[in-house]
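Fold and contact review
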There are 4 protein chains.
Amino acid sequence: MVKSIGVLTSGGDAPGMNAAVRAVARTCLNKGIDVYGVMLGYKGLHEGQFYKFNRHSTRNIINIGGTILKSARFPEFKNPQIRLEAIEQMKAVGMEALVVIGGDGSYHGALELTKLGVNCIGIPGTIDNDIPLTDHTIGFDTALNTIVEALDRLRDTSGSHQRCTILEVMGRTCGDLAVNAGLACGAEIVITSETGFDEEKVIERLRQSKAGDKKHAIVVITEHVTDVNELAKRIEAATGFETRANVLGHLQRGGRPSANDRVLASRMGVRAVELLEQGKGGLAICEQGGVITEVPMLTLFDSKRDVPEELYEDVLKLR
Amino acid sequence: MVKSIGVLTSGGDAPGMNAAVRAVARTCLNKGIDVYGVMLGYKGLHEGQFYKFNRHSTRNIINIGGTILKSARFPEFKNPQIRLEAIEQMKAVGMEALVVIGGDGSYHGALELTKLGVNCIGIPGTIDNDIPLTDHTIGFDTALNTIVEALDRLRDTSGSHQRCTILEVMGRTCGDLAVNAGLACGAEIVITSETGFDEEKVIERLRQSKAGDKKHAIVVITEHVTDVNELAKRIEAATGFETRANVLGHLQRGGRPSANDRVLASRMGVRAVELLEQGKGGLAICEQGGVITEVPMLTLFDSKRDVPEELYEDVLKLR
Amino acid sequence: MVKSIGVLTSGGDAPGMNAAVRAVARTCLNKGIDVYGVMLGYKGLHEGQFYKFNRHSTRNIINIGGTILKSARFPEFKNPQIRLEAIEQMKAVGMEALVVIGGDGSYHGALELTKLGVNCIGIPGTIDNDIPLTDHTIGFDTALNTIVEALDRLRDTSGSHQRCTILEVMGRTCGDLAVNAGLACGAEIVITSETGFDEEKVIERLRQSKAGDKKHAIVVITEHVTDVNELAKRIEAATGFETRANVLGHLQRGGRPSANDRVLASRMGVRAVELLEQGKGGLAICEQGGVITEVPMLTLFDSKRDVPEELYEDVLKLR
Amino acid sequence: MVKSIGVLTSGGDAPGMNAAVRAVARTCLNKGIDVYGVMLGYKGLHEGQFYKFNRHSTRNIINIGGTILKSARFPEFKNPQIRLEAIEQMKAVGMEALVVIGGDGSYHGALELTKLGVNCIGIPGTIDNDIPLTDHTIGFDTALNTIVEALDRLRDTSGSHQRCTILEVMGRTCGDLAVNAGLACGAEIVITSETGFDEEKVIERLRQSKAGDKKHAIVVITEHVTDVNELAKRIEAATGFETRANVLGHLQRGGRPSANDRVLASRMGVRAVELLEQGKGGLAICEQGGVITEVPMLTLFDSKRDVPEELYEDVLKLR
């Protein structure tokens, strides 16, 4: 049976990562398994930046944003030699298995390590909700609520000044943050990489709104679709709506994790340790229909995320 | 096809009810169906307190707690004669169908009206999450986050003073609020009607904690299980832990609805109108594994809520 | 004695304006004075967009951001003829005096109306805290807390990724939001129009920080000082700190008003009506050392805001 | 010149205490003064529970509630012998002076130590705002906003169900939390030790409200005035208003400190060190009209808090 486990966070940080780290650590300690925090993701794994956890190590972190283990870019980990060196570092302290908390990009390294005999389990930690086969990733719910709070604030001033307000949110190529936030805030229009972007239609819709009884309007748009400041100018010119663009930016990645994210992270952390205890590796933890389960990382790499078509339709029905 | 629909809220209010009211109203208006807000639940239905909605009526309510339609107790609605009188009131304005937002107690009246030829659809609105066959009720996520925020505050002061803190939360006979909050806040002990309450065990556990390295402890308990102020005194006497009890009370019912509750409420509101449009009635909207669906109210009355055993186990694994 | 008073909001909206409107309305109604809400600032005054308030009119607005009276740009009000026309509109409904809630720009119109025999009292409503002779303007405390919350979120992710984070905040030419937020969040550097901006010094300081033991840094900067995205690039190039710029934008203007802003707004609203009742006009309400008082608008126009030198020094002492 | 300073927190914890601890520590380190955190208040002082701070010690605590130094009851410190023993502990590590963060009760020990040659400076840390000669104590603003948020939630459900809601808040014998919260939330009635409690008048006022157009009412009351659950029953019986009592409890003591509390705490911490550097002791830091200053502790002990009469009057004017 596994006697020593490491845990690291990789990629962009997400609220709830600390709750997952805590759950991994507590579950290990309660089972009598040694557990190490690996600093700075794969970079720290390669450098042997390991801290042995005791019960105090993860005290008072369940409700803190960010990751106490830090994160860092480390493209060098694609190099097989570097991975072997990392395994040497792990062996030096007796670390036999690893929990990797991060986006699906982080899973590739985890799968390679598993092939080399070090069982790894992935936990989906990213605000973008862009990992296939899991309904939710850790951090998504918190970021969504952060966006909704920002939109509530923008709605106040947008209404007072009868403006059109554009908010650009994160999500990389995944529109889940935008469409859920749009639905939650009564947005007029939601634009994501899934919907595509037809500027003419957007302008036409806002023109109609203004001609009707709408005094202000909110547009939510995923990052990387278009330049929102330029879009604002063109909308104002075309519709007469005074228009303001806002890019919400990195604050979406921080903050106290929501209840859901903490529960999700805690449950996934427990599950990850139990799988390693069973001698399994190369698996990614998922939440499907409220159930915590796991899929082979290889299956996940071959899968695409389902687009929540219904949500996009509901935005249209409710505007 | 249905030409006129009413919507009411019944039972205890819950954050997100207004988002559901808005979704019913908007969906109707966008489909060309007349829609009335019925004030004060079944009481207002009986008294004909109807307000015809236009697009302005539900403006700026999606993010407001409580219910703009108000709620009231009206046990008289169990009387068949009263129900017939209510139907007369509906007929007087041409209202042909009804959306009832509330707890499953509210569904009984809705089913009786359906039997009398007035199609009714139920939407689960209660913070208690105690309705069978739906994973979540509208308001649960908001109330859970409110509790978690209160526990985060209590944890600050509990840690500073090295106390044992007991928090009594709502949920009637359902422990979902308590167990999720306990998991999200790293509670030492969660006590609900599902777990039962063995005071000896609770005290023994806290005695062990104090003897170990724990400097403070949090106990979350569902309402109606025991008198928490008395429990606090007995814990303090038995364990030496300075202990404080808190009853969170009615503030759990209010506040800006969370993103999840607004999305859930919006989607359920759309679905309810679509079912009435199809000529259906006597159905309760549910969310099952992330999917919005519906079940016959009769099926729901014969069902029991699943207890989330895994959550209770995870609390134990993580303390 | 005055028998009828109007109230309007002008300039950028600010959280707490509604609490001030409510206080004006309630105080009038409790004194038996008629009170009208004037929509859209001076534009609505000129167009006669008046709504007579009753006790219901200002219900449930004390905790809502924005302004229920809306705001609009109306440079035409500088035209004496337009002002005379506005006075005609007021006379038509018997409105004898006016409370103007807004920035000091709004006070000019108020003073002109006073000269024409219509007593006006100004209430300082702006998040920028840039009005002389008042310690605080309505909205400042809420906006400050909004910024602090954003900085707390940014700090999480800034720390996890060991970045330098730049946040641009509002304030026009007043650095109060920036310096208070910087102090409240432990910023490394605060840049405002009062401090001036010496890019070389900023870069040198960050270079030293990185060379020392600082793993991440926060820079808070007032709007209109420099292009923060360009600054971020230059800092990253010069110091090696991965640097991200964020422009917080219009969300600073919205949101539930803080306790302080509601209390301040309520007290100022009461005071404004009492002054009008005493037959006074051309005065601006101020808060000085916790006391609600008033100064002649003319005095205010000749005054400059005190710069809180001590705060700027404390930032340096605490970094 | 002083070479080594200790800092402790005493009495009930308050949000912002950590910001004050950080400010004391940073100011010392930046001046080249050694600085020790003293755990558990005077108890830890007596036991020599000292931790030497470096720049890392107070990292990431500015926005955390509670006190990292913990607090504990220690009535034994009134014993002169115990105080001499504490001074021995201080001498053993070279600690020459002390900053005491807490309520005015904590100042007595600090004054005694000063008489014995150990300069002590007091910083007012308590949510109750019950210390004379300072406009605000650290923690008051945060607790006030916590109460206001609770009242906003209660207002939602109170309005939906047309209830009378009573909220008991902290403050010991000081009504500042209650009266400010009442003003900020449009309470019908505020009851504090300053106002006295005339149950007949309270009931009469609520009877009038209900007879008038008020559908719900909020009563805010300071702790220790009366049993609010019993009061609720009597109000309901006498007025017909369905009435619910809530005791907000210890959660008022926790939570992320507000911007104001962090700024106040930071400035006071700087000031305390500067006074010790000047060889002063037996002084209490105050905020008067926005200015950070200090008064002799003896003067403070002979003073009474001003009651903010205007606020109480404004509550009446605005209901």
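This one's a predicted model, so the numbers in the text were calculated from it and none came from an experiment. (Residues numbered from 1 in each chain as written. Chains lettered and ligands numbered in written order. Predicted model: local features only at pLDDT ≥ 70, side-chain atom pairs only at ≥ 80, totals over all residues. Heavy atoms only, no water.)

Of regular secondary structure, chain A possesses eleven helices and eleven strands. Relative to the compact-globule value of 20 Å for 319 residues, chain A shows a C-alpha radius of gyration of 22 Å, a close match. A principal-axis box enclosing the C-alpha atoms of chain A has dimensions of 70 × 35 × 35 Å. For chain A, the residues scored as buried account for 63% of the 319 residues in total. Put simply, of all contacts in chain A between residues at least 6 apart along the chain, 74% involve residues at least 24 apart. Charged side chains in chain A number 37 positive and 41 negative. The centres of these two groups are separated by 5 Å. (Helix = DSSP H or I, 4+ residues; strand = E, 2+ residues; numbered from the N terminus. Rg over C-alpha atoms; globule rule 2.2 N^0.38 Å. Buried < 20%, exposed > 50% of the residue type's maximum accessible area, 1.4 Å probe, protein only. Contact = heavy atoms within 4.5 Å. Lys, Arg positive; Asp, Glu negative; His and termini not counted. Charge placed at Lys NZ, Arg CZ, Asp CG, Glu CD.)

What follows concerns the packing of aromatic side chains. Enumeration according to the criterion identifies twelve aromatic pairs over all chains in this entry. Taken together, a centroid distance of 4.3 Å and an interplanar angle of 15° make the contact between Tyr 42 of chain C and Phe 77 of chain C stacked. Linking Tyr 42 of chain C in helix H2 (residues 41-47) with Phe 77 of chain C in the loop between strand E3 (50-52) and helix H3 (80-93), this pair joins segments that are 35 residues apart in sequence. As far as burial versus exposure is concerned, Tyr 42 of chain C and Phe 77 of chain C are alike and both buried. With centroids separated by 6.5 Å and ring planes inclined at 65°, the aromatic side chains of Tyr 36 of chain D and Phe 50 of chain D adopt a geometry described as edge-to-face. Residue Tyr 36 of chain D is located in strand E2 (residues 34-38), and its partner Phe 50 of chain D is located in strand E3 (residues 50-52); the two are separated by 14 residues in the primary sequence. Joined through ring pairs, the aromatic side chains of Tyr 42, Phe 74 and Phe 77 of chain A make up one cluster. For the cation-ring pair, Lys 210 of chain C lies above Phe 241 of chain C, with the distance from its terminal atom to the ring centre recorded as 4.8 Å. (Phe/Tyr/Trp six-rings, centres within 6.5 Å; stacked < 30°, edge-to-face > 60°. Lys NZ or Arg CZ within 6 Å of the ring centre and 35° of its normal.)

This part takes up helix H3 (residues 80-93) of chain D. Residue and element names in this part refer to chain D. Taking 1.5 Å of rise per residue, 14 residues should cover 20 Å, and H3 covers 21 Å from first to last C-alpha, within 8% of that figure. Ile 82, Arg 83, Ala 86, Ile 87 and Met 90 are the residues of H3 that are buried. Projected onto a plane normal to the axis of H3, the buried residues spread over an arc of 145° and lie on a single side. Set apart from the buried face of H3 by more than 90 degrees, the exposed residues are Lys 91 and Ala 92. Contacts made by the buried residues of H3 are with helix H2 (41-47), E3, strand E4 (97-102) and helix H4 (104-115). Where H3 starts, the residue carrying a side-chain oxygen 2.8 Å from the main-chain nitrogen of Gln 81 turns out to be Asn 79. Just past H3, the residue Gly 94 takes up positive phi, approximately 85°. (Expected span 1.5 Å × (residues − 1). Arc of directions from axis to C-beta. Polar contact = N/O pair within 3.5 Å; in protein donor to acceptor, adjacent residues only side chain to side chain.)

The next point concerns the interface of chain B and chain D. Facing 31 residues of chain B, the contacting portion of chain D comprises 31 residues. When chain B packs against chain D, close to 2,400 Å² is buried across both sides, 50% of that on carbon and sulfur atoms. Across the contact surface, chain B and chain D share two salt bridges. Put simply, Glu 149 of chain D and Arg 153 of chain B hold a salt bridge, and the shortest N to O gap is 3.8 Å. Our enumeration of links across chain B and chain D arrives at 20 residue pairs in polar contact (both at pLDDT 80 or more). If you list the elements that add at least two residues to the side of chain B that touches chain D, you get helix H5 (140-161) and strand E9 (243-247) of chain B. The element that contributes the greatest number of residues to the side of chain B that touches chain D is H5 of chain B, accounting for ten residues. Taken together, the residues that form the side of chain B that touches chain D break down as six nonpolar, 17 polar and eight charged. (Buried area = accessible area lost by both parts, 1.4 Å probe. Salt bridge = Lys/Arg side-chain N within 4 Å of Asp/Glu carboxyl O. Nonpolar A, V, L, I, M, F, W, Y, C, P; charged D, E, K, R; others polar.)

Take the UniProt feature "binding site: ATP" (unreviewed entry) in chain A next. All names here are of chain A. On the UniProt side, "binding site: ATP" (unreviewed entry) is annotated at positions that read Gly 12, Arg 73, Phe 74, Gly 103, Asp 104, Gly 105 and Ser 106 here. On the secondary structure map, Arg 73 appears in the loop between strand E3 (50-52) and helix H3 (80-93). When its relative accessible area of 68% is taken as the criterion, Arg 73 is described as exposed. Mapped onto the secondary structure, Gly 105 falls in helix H4 (residues 104-115). Owing to a relative accessible area of 53%, Gly 105 belongs among the exposed residues under this scheme. (UniProt positions renumbered as here; feature names shortened; annotations may be inferred.)

Once that is clear, we can look at the sheet that holds strand E8 (residues 217-222) of chain D. All names here are of chain D. Pairing within the open sheet is parallel, and its four strands lie in the order E7-E8-E6-E9. With partners counted over all chains shown, the strands left at the sheet margins are strand E7 (189-191) and strand E9 (243-247), one partner each. Geometrically, the sheet is characterised by an average inter-axis angle of 15° between neighbouring strands, direction not taken into account. With respect to the sheet, helix H7 (residues 199-211) is in contact with strand E6 (164-169), E7 and E8, its orientation differing from that of E7 by roughly 165°. Its contacts with the sheet place helix H8 (residues 228-239) against E6, E8 and E9, and it is angled at close to 170° to E9. (Pairing = 2+ DSSP bridges. Axes fitted to C-alpha atoms, helices over the stretch in contact; angles between N-to-C directions.)

What follows covers the pattern of salt bridges. Under the definition given, this model contains 103 salt bridges over all chains. Glu 277 of chain B is the partner of Lys 31 of chain B in a salt bridge, and the nearest nitrogen-oxygen pair spans 2.9 Å. On the criterion of sequence distance, the pair formed by Lys 31 of chain B in helix H1 (residues 17-31) and Glu 277 of chain B in helix H9 (residues 259-277) is long-range, its members being 246 residues apart. Overall, the relative accessible area of 32% leaves Lys 31 of chain B in the partly exposed class. Put simply, Asp 176 of chain D and Arg 305 of chain D hold a salt bridge, and the shortest N to O gap is 2.8 Å.

This next bit is on the relation of the copies chain B and chain D. When chain B is fitted to chain D, the best match, at an RMSD of 0.0 Å, comes from turning it 180° and sliding it 0.0 Å along the axis. Given the turn and translation reported, the copies of this chain are related as if by a two-fold rotation axis. (Least-squares fit on C-alpha atoms with pLDDT ≥ 70 in both.)

This part takes up the packing of helix H11 (residues 309-318) of chain C against helix H1 (residues 17-31) of chain D. Close contact between H11 of chain C and H1 of chain D brings their axes to 8 Å; oriented N to C, the two are set at 75°. Classified by the interaxial angle, the pair formed by H11 of chain C and H1 of chain D is roughly perpendicular. Residue-level inspection shows Leu 316, Lys 317 and Leu 318 of chain C of H11 of chain C in contact with H1 of chain D, the latter providing Arg 22, Ala 23, Arg 26, Thr 27 and Asn 30 of chain D. (Parallel < 35°, antiparallel > 145°, perpendicular 65-115°, else oblique.)

Following the sequence through the fold, Glu 223 of chain A ends up in the loop between strand E8 (217-222) and helix H8 (228-239). Look past the residues within four positions of Glu 223 of chain A in its chain and what remains in contact with it is Glu 168, Val 169, Met 170, Gly 171 and Arg 172 of chain A.

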